[in-house]
Amino acid sequence: MKRPFGKKSDESKATKSDEIIPQERSLVDVDYNRKRLFKKGINLMADEKLEEAVDVFELALRIDPNNVETLMKLGYARFHLEDYAEALRVYDKILDIDVTNPEAWNLKGLVHYEQKNYSKALDSVNKAIESDPTYAMAWYNQACFLSLLNQVPESLESLKRSIEIDVKNARRSIRDKDFVNVKIEEGFKRIQEVVVLESIKQGYHTLGAIVWTTFLDRVDAESSLRKLLEKGLIIQNEKREGLSKIPIYDLAENIAEKLGKEKKGLFGITKKTLPKPVKNLKELSQAIQSVKEAIEEENVEKVIDVFDVFIDPTKSGEQMIESFFDEHREIRLWKIRLKDRGVDYLIDNKEKMLVLFGNIEGTVTKKLRSQIS
């Protein structure tokens, strides 16, 4: 089961000062104190000081009792302190403010899961999916809860859906004990094949490397490799190692062109080779400039319109899927949430959006230069 919090936060560390912002500065930005307390709470969570984080988030809520961002983090902290009653109270308050908040429904489901109330957990995560049908982790958790309720065919369907949205969920499911009722099913064996195929795509070509990266048992990995060979999705060659030869596996040529290969470079760093042909790079570059300008202007309607260029397969959608699959999925999610939440969501995610399009732009620019030269 994917827990909502458990690793260190990626946010930078806050200063240790507990100084209260002077009244004259708080008048300039009425939300300044809440933002400061919120960041302090995040840093305390990152340092695993959950009780202190709860106190700080409660102070922030005195300034704005209905701030969903702060309430969400307070719920995280309560959840990991195993104060489930209070965590549920917080998530219910969020849902009173926005009954369609998918993250709150999903997290409420996880609280019920920890309490081993799987039926209630399933009901909550169903509502998360109703609110956002593209929420991969909600589909994954739905699969877990259905498995625990011994609804095996339904669990497999939900797991497949979560993998269609985010392929990383395939690897995650391999060692998830919640799928003990599902792992003997033929459908789960096909998911194991997806995991092995993804490992080969990432540059792991021997049986030992595939077992190590996927967490599959050796027997299951060998079975998946045989099936992938039978389906023509991979090819097998040999390489000499000392006096013996060992089998190595690679994507079949047509599959490699479709998915794009990731090869291991110097020091083991993975390098991704964009699939060919890469079409309409100039049009894509122009769309990137347009969307960055719209984001900077905080023009929601214009951002949504330009997002269509990256999503629509008759425009640059096909190219995005081929060359920037993860980014394409992220843009689709942003479009849905912008329609639901408007300018506030754009402001909250502005920097993240600009970074993503900046990274795409860098790759496109390099490809353009290589074609021109």
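Here the structure is shown first, and the text comes after it.
Quantities reported herein were computed from a predicted structural model and do not represent experimental measurements.

Comments concerning the pairing of strand S1 (residues 234-241)
Turning to step 1, where the next piece is worked out: Relative to strand S2 (residues 244-251), S1 runs antiparallel, the two sharing eight bridges. Its bridge partner lying in S2, Lys239 is registered against Ile246.
Turning to step 2, where the next piece is worked out: Linkage of S1 to S2, two consecutive antiparallel strands, is achieved through a turn of two residues, within which Gly242 is found at a positive phi near 70°.

Quick look at the nonpolar core
Turning to step 1, where the next piece is worked out: Counting residues in each nonpolar core, the largest one holds 71 residues, and the members touching the most others are Tyr91, Phe145, Leu159, Phe179, Phe188, Ile200 and Leu225.
Turning to step 2, where the next piece is worked out: For this core, the element with the most residues is helix H8 (residues 136-148), which contributes nine residues.
Turning to step 3, where the next piece is worked out: When near neighbours in sequence (up to four residues on either side) are disregarded, Leu159 contacts Tyr140, Ala143, Asn169, Ser173, Phe179, Phe188 and Ile191.
Turning to step 4, where the next piece is worked out: Leu281, Val303, Phe310 and Ile331 belong to the second-largest nonpolar core, a separate cluster that totals 27 residues.

Let's talk about the pattern of salt bridges
Turning to step 1, where the next piece is worked out: All chains considered together, the criterion is met by 19 salt bridges.
Turning to step 2, where the next piece is worked out: Close ionic contact of Arg78 with Glu58 constitutes a salt bridge, the shortest N to O distance being 3.3 Å. Here the residue Arg78 occupies a position in helix H4 (residues 68-80), and Glu58 occupies one in helix H3 (residues 50-63), the gap between them amounting to 20 residues.
Turning to step 3, where the next piece is worked out: Residue classification places Glu58 among the partly exposed residues on the basis of a relative accessible area of 27%.
Turning to step 4, where the next piece is worked out: In this structure, Lys335 and Asp308 form a salt bridge, with 2.4 Å as the shortest nitrogen-oxygen distance. Pair noted here: Lys335 is in helix H18 (residues 325-341) and Asp308 is in helix H16 (residues 300-311), with a separation of 27 residues, a long-range link.
Turning to step 5, where the next piece is worked out: A single network of salt bridges, built from pairs that share partners, joins Glu58, Arg78 and Asp83.

Definitions and limits used
- Residues numbered from 1 in each chain as written.
- Predicted model: local features only at pLDDT ≥ 70, side-chain atom pairs only at ≥ 80, totals over all residues.
- Heavy atoms only, no water.
- Pairing = 2+ DSSP bridges.
- Helix = DSSP H or I, 4+ residues; strand = E, 2+ residues; numbered from the N terminus.
- Core = buried A, V, L, I, M, F, W, Y, C linked by side-chain atoms within 4.5 Å.
- Buried < 20%, exposed > 50% of the residue type's maximum accessible area, 1.4 Å probe, protein only.
- Contact = heavy atoms within 4.5 Å.
- Salt bridge = Lys/Arg side-chain N within 4 Å of Asp/Glu carboxyl O.

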